[in-house]
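# Analysis of the macromolecular model
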Amino acid sequence: MKPKLILAAEIVVLLGVVYLIVDLQRASQEEVLAQFRDHQSLVARQLAGQIESYLRARSRGLHVLASFASVQYQDRTQMAIDVEAYFDRLKSMHINAILVYDATGRVVYSTRADTGRLTSLVGLQDWAMKRENKGKVFIASLPRREVAPAKGRTSSQILLATPVYQETAEALYPKPTNKFAGVLAVAIDLEKLLAEQLGPANLNVSLNRVWVMQDDGALLFLPEHPLKLDSIQQRDDRCNQCHGSFAYTDRMLHERKGTVEYRHTEGAQKLAAFAPVEFETTSWIVVVNAPLDEVTAFVRKQFAETLLLLGLVVLALAGGSMLLYRTHRLKMRAEEETRQWKEKRALEDRIRESEERYRRLVERSPDAIAVHSEGTIVFINDAGAKLLGASNAEQLIGTPIQKIVHPDYWHVVQERIRAITDLGQEAPLVEEKFVRLDGTIIDVEVAAIPFTYQGKQAVQVVVRDITGRKRAEEASRRAAEEVKQWRDRYEAIVAATHEVVYEWDLERNTTQWGGSLEQVLGYRHEEFTHPSVHWRSLIHPEDRGRVLSAVEEALRNHSSLTLEYRFQHKDGTFLHLLDQSFIVRDAAGKAIRSLGSLTDITERKRAEEERDKLLRELQEAQASVKILSGLLPICSSCKKIRDEQGEWQVLERYLHSHTEATLTHGLCPECAQKLYPGFFAR
C-alpha cells in the first residue's frame, strides 16, 4: 500500500509541476510578445526615420546640383561633367540614375542609357512648371520591374525631382533670367536603400520582412509576392486564396502607426509593426513583420528544456539507469580519445613524409636554394654550393650573406629582407650580382619567401645563374648598336646621293622606306608609310600598267629590274624616276624580298626633251630650205639660165622655182639715170 501511496504522491507532484510549467510558459509567451511588439514598433519607427533622413539628404543634394549654371542653362558639355561627377559620388548611396529634363519635358541628359521607365511620369512636368513649387521636391514611385518572375520579385525605384530655374549668375551667364529651365531628377533604388538600413550594421532585419506602401494603398516595395500588385486595393479572387481578410491592411492605412496580428490562409500567424514616413507632400507607411512562431521560439525552447529537466528528475529516481548511462559515456569518451590519438599519429607521419619529400626536392633542385637567418647562411643545397664556388654545402654554413651579395646590391637586399621579416611579404624575382668564393662576380635572379628554420624566423631564397644570358644579351646589344651605326652610315650615304631606298618584304607585303624620301618625293616618312598612301596609286596612269607588268615579270623570272616612269610628287606634279632593284630569292627560287632605289631623273629627262625638240626644229628647217650650189650656166647676153633638163629659163622664173624668194622689179640708180636722164636733170 505504501508504494502505491508514494507512486500516487509522485504522480500528483508531477502533475502539479507540469501545470505550473505550462502556466509559466503561457505567461512568458505573453510577456515576450509584449516586448516584441514594443521592439518591432521601435524598429519600424527607426526605419521610417532613417528613410526620412535619407530623403532629406538626397533632396539637399538635388538642390545643390540644380544650382549649377551648367544644369540651369543646359550647357551640354559642362553639364555632362558636373552630373557625372555628382553621380560618381552618389553611386554608393543607391542612386541608379540622374536625369535632366528641358522645359518641354524631354530628357536632355541621363547617366543611364535605358531611361525608358524614367521618362514618362504623369503630372511631373505640370507640377514643375508651377512657380509656387520652386525649391520643392516631387516624389513619385516608378513602375516596378520584375527581376525574378518565378518568385514574383520586382525591383522598386522612386524618383526625386525638383524644378530648375535660371537664377545663377556666372561669367558666362551674368544676368539670370529666372525662367523655368526644366526638371532635375534622381532615381533611387528603394530595395538597396532598405537593405542598407536593415543590414547588420543598422537594424539587422531581413529585407523579406519589410514592405512599403503609400497612404492610398499603392505598393512601393513588396518582396517575393506571387502576384505583381501595384496597390493593396487591387484585389481579386486570387487574393482570397491566401488572405482570409484584409482588415489588417485597412487598419494600417487608418491608424498609420502601431502593431497588428494577422494570418494567411495556409501560413503562420504574423505580427506586423507599422510607422509613417512624412516628407514634403508624400506620406508612406513602412511595415515590418515577423512570424509569431519565430518570436516565441525561444519560449518554446525554454519550455522544452524545462520538460527535459523534469524528465531528468524522473530519470534521477532510477539511479541504476544513470550509472549505466555514465558507464556508456566513459566508454564513448575512451573510444573518442583513442580515435583522436590515431589521427594525430597519422597526421604526424604525413607531416614527416611531406618534410622528407620537400627536403629531397630542395637538395636535388637544379636551382640554388638557401636559407639564411640573422644575416648568416644556415642551409644551402649542392646546386647553391656549386654556384658560389664551394666544394660542398658545409663550407658555406655560417657565411654572412653580406659577403656573398655584391656591394652595389646590398641596400636592395636589406630592404627585401626587412619586407619579408617585418611584413611577412614575399619578395618577387629580381636581378642581382653575387660574389663567388674566388671573387668572381656572377649575375643571378633571386626570389625569396618568409620561412621558419629550426623554430627561428628565416628567409628562403631561390637563386638562378643568369650570367650566360646576361653575356648573350650584352653581345646582342652591342651587335644591335653596330648594326645601327652601319645603318646610320648607310642612311647618311644614301642621303648624300639624294636617292630614295626601299625594302619590299614580299611575304608580309610590307615596305620599308629610307634615304632622301622627303627631299625627292616631298613626303615625310610617317606620311608615306601610311596605308592611305600606296606606291602603285602614285604612278602616272599612262605608265602604271607597263610598270606593274614589268615588276610581275621580274619577280617571276629575273634577279634585277630597271625602270623609268613618272611618279606623283606630294605637291601634285609628276617626277621622272629611275627605279633600280635587286630581287632576293629563297632556296626554292621564290622571290621573298626586293631591294632598290629611286633616282630623280626629271632634269635629265627635261634636258633630253629640249635636245630632241631642237633637233626636230633643225631638221624641219633644213627640210624647208632650198640651197643653190654648184655651176649655173647663164647667158652673157640675155641672162637666161640653163636648168637641170637643159632648157634655158628667164632668171626670175628659175629663182622662183628653185628658192623660196619672191622677186619684185625696180631700177637701180645707174639704170634709172641712164634710161631717164631728163627726169634726173630736173
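Residues numbered from 1 in each chain as written. Predicted model: local features only at pLDDT ≥ 70, side-chain atom pairs only at ≥ 80, totals over all residues. Heavy atoms only, no water.

Check the secondary structure of the protein chain and you find 21 helices and 24 strands. Taking all 682 residues of the protein chain together, 35% fall into the buried category. Counting only contacts in the protein chain whose residues sit at least 6 apart along the sequence, the fraction spanning at least 24 positions is 49%. When the accessible surface of the protein chain is summed, it comes to about 42600 Å², and 55% of that surface belongs to carbon and sulfur atoms. (Helix = DSSP H or I, 4+ residues; strand = E, 2+ residues; numbered from the N terminus. Buried < 20%, exposed > 50% of the residue type's maximum accessible area, 1.4 Å probe, protein only. Contact = heavy atoms within 4.5 Å. Areas by Shrake-Rupley, 256 points an atom, 1.4 Å probe, with all protein chains shown as cover.)

Structurally, Arg585 can be placed in strand β21 (residues 574-585). In this structure the C-alpha to C-alpha distance between Arg585 and Leu555, which are 30 residues apart in sequence, comes to 9.2 Å. Not counting the four nearest positions on each side in its chain, Arg585 is found in contact with Ala554, Leu555, Arg556, Asn557, His558, Lys590, Ala591 and Ile592. Within the local environment of Arg585, its side chain forms a polar contact with the backbone oxygen of Leu555, the two atoms lying 2.9 Å apart. Of the polar contacts made by the side chain of Arg585, one reaches the backbone oxygen of His558; its length is 2.6 Å. (Polar contact = N/O pair within 3.5 Å; in protein donor to acceptor, adjacent residues only side chain to side chain.)

In space, the 5 strands of this open sheet follow the order β19-β18-β22-β21-β20, with antiparallel pairing throughout. Either end of the sheet is taken by a strand with one partner, and the two such strands are β19 (510-515) and β20 (560-568). Each strand axis lies, on average, 25° off the axis of its neighbour in the sheet, ignoring direction. Both strand β18 (residues 499-505) and β19 contribute to a ladder of 6 bridges, which runs antiparallel. (Pairing = 2+ DSSP bridges. Axes fitted to C-alpha atoms, helices over the stretch in contact; angles between N-to-C directions.)

According to the stated counting rule, one finds 33 salt bridges in the structure shown. For the salt bridge of Arg37 with Glu261, the shortest nitrogen-to-oxygen distance reads 2.6 Å. Linking Arg37 in helix α1 (residues 2-66) with Glu261 in strand β10 (residues 258-263), this pair joins segments that are 224 residues apart in sequence. Note that Lys470 is salt-bridged to Glu431, the shortest N-O span being 3.0 Å. One end of the pair, Lys470, is in helix α14 (residues 467-497); the other, Glu431, is in strand β15 (residues 427-435), and 39 residues separate them in sequence. Each of Glu431, Glu445, Arg469, Lys470 and Glu473 takes part in a single network of salt bridges with overlapping partners. (Salt bridge = Lys/Arg side-chain N within 4 Å of Asp/Glu carboxyl O.)

Okay, the packing of aromatic side chains next. Think of a pair of aromatic rings as described by two things: how far the centres are apart, and how the planes are tilted against each other in angle. Counted by the stated rule, this structure contains 4 aromatic pairs. Judged by centre distance (5.2 Å) and plane angle (50°), the ring pair of Trp127 and Phe138 falls under tilted. Here the residue Trp127 occupies a position in helix α4 (residues 124-129), and Phe138 occupies one in strand β3 (residues 138-141), the gap between them amounting to 11 residues. Among the residues examined, Trp127 registers a relative accessible area of 17% and is labelled buried. Ring centres of Tyr165 and Phe180 lie 5.6 Å apart, and the angle between their planes is 70°; on these two criteria the pair is classed as edge-to-face. Of this pair, Tyr165 sits in strand β6 (residues 157-165) while Phe180 sits in strand β7 (residues 180-189), and the two are 15 residues apart along the sequence. The residues Tyr165 and Phe180 share a single accessibility class, namely buried. The aromatic ring of Tyr54 is capped on one face by Arg58, whose charged end is 4.9 Å from the ring centroid. The cationic tip of Lys134 hangs over the ring face of Tyr165; the distance from NZ or CZ to the ring centre is 5.2 Å. (Phe/Tyr/Trp six-rings, centres within 6.5 Å; stacked < 30°, edge-to-face > 60°. Lys NZ or Arg CZ within 6 Å of the ring centre and 35° of its normal.)

For strand β22 (residues 591-600), a buried count of 7 out of 10 residues is recorded, marking the element as mostly surrounded by other parts of the structure. Alignment of β18 against β22, held across 7 bridges, turns out to be antiparallel. Paired with Val500 across the bridge in β22 is Leu598. By the bridge criterion, 9 bridges tie β21 to β22 in an arrangement that is antiparallel. Directly across from Leu577, in β22, lies its bridge partner Asp600. Counted between consecutive antiparallel strands, the loop separating β21 from β22 contains 5 residues, among which Gly589 sits at a positive phi close to 85°.

A surface patch of negative charge is lined by Glu609, Glu610, Glu617 and Glu620. Mapped onto the elements, Glu617 comes out in helix α18 (residues 602-624). A residue is classified by how much of its surface remains accessible, and Glu617, at 41% relative accessible area, is partly exposed. (Patch = residues over 30% accessible without salt bridge, like charges linked within 9 Å, V, L, I, M, F, W, Y side chains within 5 Å. Lys, Arg positive; Asp, Glu negative; His and termini not counted. Charge placed at Lys NZ, Arg CZ, Asp CG, Glu CD.)

So, on to helix α13 (residues 410-423). The end-to-end C-alpha distance of α13 is 20 Å, a good match for the 20 Å that 14 residues give at a rise of 1.5 Å each. Within α13, burial applies to Trp410, Val413, Arg416 and Ile420. For α13, the angular spread of the buried residues around the axis is 125°, confining them to a single face. Facing away from the buried side of α13 by over 90 degrees, the exposed positions are Glu415, Asp422 and Leu423. In this structure, the buried residues of α13 make contact with α12 (401-404), β15, β16 (441-453) and β17 (456-465). Positive phi shows up at Gly424, right after α13, with a value of about 70°. (Expected span 1.5 Å × (residues − 1). Arc of directions from axis to C-beta.)

Now for unusual backbone geometry. Although it is not a glycine, Arg256 adopts a positive phi angle of roughly 70°. In the Ramachandran plot, Glu374 falls in the positive-phi region, its phi being about 55° despite a non-glycine side chain. Note that Glu374 resides in the loop between β13 (368-373) and β14 (376-380).

The 5 strands lie next to each other as β14-β13-β17-β16-β15, forming an open sheet whose pairing is antiparallel. Both edges of this open sheet fall to β14 and β15, since each of them pairs with a single strand only. If you compare each strand with its neighbour and ignore which way they point, the axes differ by 35° on average. One ladder, built from 7 bridges, connects β15 with β16; its direction is antiparallel. When the sheet's bridge partners are listed, Glu431 is paired in β16 with Glu445.

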